[in-house]
Amino acid sequence: MEGKNLAIGSLVCGILSLVCTFFGYGALVGLILGIVAIVLAVNAKKNGFEDGMQKAGLILGIIGTVLCGITFVACALCAGAIAAASTMY
């Protein structure tokens, strides 16, 4: 039963990490949620629960972590470019 709860938590965190991708600096929160989703999915598998929720949580966590990482770096670079451009004149 504990494995099922971990899989549900993994799925929820994975979905939330994908949603946070679209909110700029909210991608930092999504990055954390994606990592949590991956950890929960791995722990659910260790507890013997290998179902669709566990696999979906793992996949969504990986995709969310990658996309949020890219989004966060892009937002940081854009903010740095705007700050550098505003001090030129």
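Residues numbered from 1 in each chain as written. Predicted model: local features only at pLDDT ≥ 70, side-chain atom pairs only at ≥ 80, totals over all residues. Heavy atoms only, no water.

1. Some words on the packing of helix 2 (residues 27-46) against helix 3 (residues 52-86)
Stage number 1. Here helix 2 crosses helix 3 at 155°, and the two axes come no closer than 8 Å. Relative to helix 3, the element helix 2 lies roughly antiparallel. The crossing of helix 2 and helix 3 is left-handed. On helix 3, the residues touching Ala27, Leu28, Gly30, Leu31, Gly34, Ile35, Ala37, Ile38, Ala41, Ala44 and Lys45 of helix 2 are Gln54, Gly57, Leu58, Gly61, Ile62, Thr65, Cys68, Gly69, Thr71 and Phe72. (Axes fitted to C-alpha atoms, helices over the stretch in contact; angles between N-to-C directions. Helix = DSSP H or I, 4+ residues; strand = E, 2+ residues; numbered from the N terminus. Parallel < 35°, antiparallel > 145°, perpendicular 65-115°, else oblique. Left-handed = near helix turned anticlockwise from the far one by under 90°. Contact = heavy atoms within 4.5 Å.)

2. Thoughts on the environment of Ser10
Stage number 1. Mapped onto the secondary structure, Ser10 falls in helix 1 (residues 2-20).
Stage number 2. Ser10 gets classed as buried once you look at its relative accessible area, which sits at 0%.
Stage number 3. Sequence separation between Ser10 and Ile35 is 25 residues, and the spatial gap between their C-alpha atoms is 9.5 Å.
Stage number 4. When neighbours within four sequence positions are excluded, Ser10 is seen to be in contact with Ala37, Leu40, Ala41, Gly57 and Leu58. (Buried < 20%, exposed > 50% of the residue type's maximum accessible area, 1.4 Å probe, protein only.)

3. Some points on the packing of helix 1 against helix 3
Stage number 1. Two numbers describe how helix 1 lies on helix 3: the axes approach to 8 Å, and their chain directions differ by 30°. The orientation of helix 1 relative to helix 3 falls into the category roughly parallel. Regarding helix 1 and helix 3, the two cross each other, and that crossing is left-handed. Residue-level inspection shows Lys4, Ala7, Ile8, Ser10, Leu11, Gly14, Ile15, Ser17, Leu18 and Cys20 of helix 1 in contact with helix 3, the latter providing Met53, Gln54, Ala56, Gly57, Leu58, Leu60, Gly61, Ile63, Gly64, Leu67 and Cys68.
Stage number 2. Of the residues in the contact of helix 1 with helix 3, the class split is 13 nonpolar, seven polar and one charged. (Nonpolar A, V, L, I, M, F, W, Y, C, P; charged D, E, K, R; others polar.)

4. Focus: the nonpolar core
Stage number 1. Judged by nonpolar contacts, Leu6, Ala7, Cys13, Cys20, Leu33, Ala37, Leu40, Ala44 and Phe49 together constitute the single largest core of nine residues.
Stage number 2. Listing elements by their share of this core, those giving two or more residues are helix 1 and helix 2.
Stage number 3. Among all residues touching Ala44, those that are not within four sequence positions of it are Gly3, Leu6, Ala7, Phe49 and Gln54. (Core = buried A, V, L, I, M, F, W, Y, C linked by side-chain atoms within 4.5 Å.)

5. Here's the deal with helix 2
Stage number 1. Between its first and last C-alpha, helix 2 extends 29 Å over 20 residues, near the 28 Å set by a 1.5 Å rise per residue.
Stage number 2. For helix 2, the full list of buried residues reads Ala27, Gly30, Leu33, Gly34, Ala37, Leu40, Ala41 and Ala44. Axial view of helix 2: buried residues confined to an arc of 130°, hence all on one face. Seen from the buried face of helix 2, the exposed residues on the opposite side, beyond 90 degrees, are Ile32 and Lys46. (Expected span 1.5 Å × (residues − 1). Arc of directions from axis to C-beta.)

6. Looking at the confidence of the model for the chain
Stage number 1. Residues at a pLDDT of 70 or more form 99% of the chain, whose mean pLDDT is 91.
Stage number 2. Mean pLDDT across the elements of the chain ranges from a minimum in helix 3, with 92, to a maximum in helix 2, with 94. (pLDDT = per-residue confidence, 0-100.)

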